[in-house]
Each structure stands twice: as structure tokens, then as C-alpha cells.
Amino acid sequence: MRSFAGRDILSLKDFERHEFFRVFDVADKLRPFAYNRQNTDLLQHKTLVTAFYQPSTRTRLAHEAAMHRLGGHVTGFSDAKMTRAGDFYQESIKDTVKMLEFYGDVIVMRHFQQGAPHEAAKWASIPIINGGDGWGEHPTQILTDLYTVLQEKGRIDGLKWVAVGDMRMRTMHSLAYALTQFDCPITFVAPPDMSLKPEFKEELKQYSLNFKEAEHIEQCIADADVILVEPVVQPDYTKSRDERSGDAGLTPANYKITRELLSTKAKSDAILLHSLPRMDEIPADVDITRWSRYWQEAFNGVVVRMSLLALILGAME
Ligand code: CP
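This is a predicted model, so every value here is computed, not measured.

Analysis parameters
Residues numbered from 1 in each chain as written. Predicted model: local features only at pLDDT ≥ 70, side-chain atom pairs only at ≥ 80, totals over all residues. Heavy atoms only, no water. Pairing = 2+ DSSP bridges. Helix = DSSP H or I, 4+ residues; strand = E, 2+ residues; numbered from the N terminus. Axes fitted to C-alpha atoms, helices over the stretch in contact; angles between N-to-C directions. Buried < 20%, exposed > 50% of the residue type's maximum accessible area, 1.4 Å probe, protein only. Right-handed = clockwise from strand over helix to strand, strands pointing away.

Enquirer: Lay out the sheet that holds strand 9 (residues 271–274) with the relevant residues and their values.
Expert: Here we have five strands laid out as an open sheet, ordered 7-6-5-8-9, and parallel in their pairing. The two strands at the open ends of the sheet, each matched to only one other strand, are strand 7 (211–214) and strand 9. Across the sheet, the mean angle separating the axes of adjacent strands is 20° when strand polarity is ignored. Taken together, the four bridges between strand 8 (residues 226–229) and strand 9 define a ladder with parallel strand orientation. Looking across to strand 9, one finds that Leu228 is bridged to Leu273.

Printed below as a string of C-alpha cells:
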């Protein structure tokens, strides 16, 4: 088995089946610290650097919380405008990470350019974790989602998935790559202008992913054990910041999960995931139904980042 120590986490395309389970085993071991709101000293001599060139609530703070739970330290930036990368100099990724590598032991990077964390990994002597790159990938989010499925359903293999939303989303790419390692048929539901790209579909076929596409969630929700939702009312992920001007628009019924839809069409033991933030694709009255698992997903986001940091920094093998 490849060691995680010193390894970059850039894509789930790199992940082998047993490596998912290794991350989840370590997450199980570290979970009690997060659950009991306790800190340990496992990474007391290590520092996490957060390099966020795009807004984030969950990914940055879950990594930071994970590092604190493991007794480590955190430094970094949450707005590149306050660094030389975001002012007159437009400092390059290379020059920036050639500095950051001396400030800590692992870097988590979010960037509006697809491939930016890969570029950072070329130059940094410390591991890089991809915290979301443009429309590229979001590996730690999907590790969190799979861990949530394992926690909630007791298994991953044999479950049927539906993924609803904008298929250009980085989470959707990481999800599709991840499911190639499991026995999990999936149906993708997206607006035509946000559907899976032909070249990506070709790649998924080569990896033997069992997938199909549907136009309306009502066509496939009845079969689903796991319903994963992302917005279709979206910002532009290739921008460093996309402010909302005026009315953002509403989610069409095809891509919306309502309480009525769940109670009339979904399996009674299906689970509903959303990486958040959301628009109106899951109304707030769904939160209290038995299907919703997005708050558990948020908690697991800390636990999975604890596992990854412990593995990458060699504290767990
Ligand atoms: N799920 C997720 O990536 O959220 P943030 O954009 O808040 O990090």
C-alpha cells in the first residue's frame, strides 16, 4: 500500500479503493476527539498553512478545526487580496508556495484556477491538499461524503446514487472518480447547459463507472439510496469572487428536492447529502426530515480532515 506520509491530495482519480478505507479507518479512530469536543497532541509540532484564493466557510475552517483538534498550529490567508498574489505584483503560485513551505508542514489550497494546487505541488517541498480548484475537483469534500455514507448506511458498495445539480462542479468530478472504485451505480440529473462534458463521460466509461443521465429528479429518486445535491443557481467558480447582483433566480423543479418529493417518491431510508452552501434547491423545511444528513456531513468534514492531516503528516500509518 502506498504511504500517505508526505503525499499531495489533489484528485480522487489518484485514489485506490483500499486508500478510501484507510482514510475512513483513521477517521473512525480520531472521531471520538471531535465528537467529545476534545483536543489531542498528535500533531503538536506541526503547522497547517491555509492558502485560500476563493471564499470558503467549510473547507478552510474544517481543516483549521481539524488541525486544532490534533493539537497542531494554523497560519495562512483567507483572502488573497491581502497577499502579494492579490495586489499589483500578482505573485505567481510558484513564488508564493516557495515562501509558504517555510511557514508550515502542509498547505491546503483553494483556487479559482483549475490545476492551481497541482502547480503548487510541483514547487512545494511539503504536501498540498486541494481545497477546491475552479471547476476542477474537491477531493476532501467527497471523502467526507463517502465517509458520511459509510457512517449512515454501514457500507458503500451496493448503494444506488443520484447526483443532482451542476455537473461542472468540482464536487461532481471528484464524486464520479471516487465511485469508479465502488459498486455504486449513479444517475446524474443536470440542466442541459450544465451536464457532464462528453470527454469526461468518455473517461468515466473507461474507468467502468456505471452511470446514466436523467432530465428530472422525479424520474430516478425512487431508486436512490443516496441523493447528493448541488446548486444549479451557481456563482462562476473560475472567478476569485462572484458577488450576487440582484435576483439570482430560482431552481427549476427538475433539480429541486422538496419535502413532498421525498415523502411521496424517495425510499424511506434514503439519505440526502449537500456539501453546502445551498440556494433554494433544498428548502429549509427538508432539514428536519429523516432524509437529511448534511449536518452530519458537516461534522464528518472535520473528522475526515483530521484523518487526512494525521496520515499526510505521518502521525498515523
Ligand atoms: N462545501 C464547501 O466546499 O463549502 P465552502 O465553499 O464553504 O468551503
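Enquirer: Before we move on, can you summarise the pairing of strand 1 (residues 47–52) with the specific residues and values?
Expert: Burial of strand 1 is extensive: six of the six residues sit out of reach of the surface. The two faces of strand 1 match: Thr47, Val49 and Ala51 on one face and Leu48, Thr50 and Phe52 on the other face are all buried. Sheet analysis places strand 1 next to strand 2 (residues 73–77), joined by five bridges and oriented parallel. The residue bridging Ala51 from the neighbouring strand is Phe77, located in strand 2. Running through helix 2 (residues 58–69), the crossover from strand 1 to the neighbouring parallel element strand 2 is right-handed. Examined bridge by bridge, strand 1 and strand 3 (residues 106–111) share five bridges and lie parallel to one another. Within the sheet, the bridge partner assigned to Phe52 lies in strand 3 and is Arg110.

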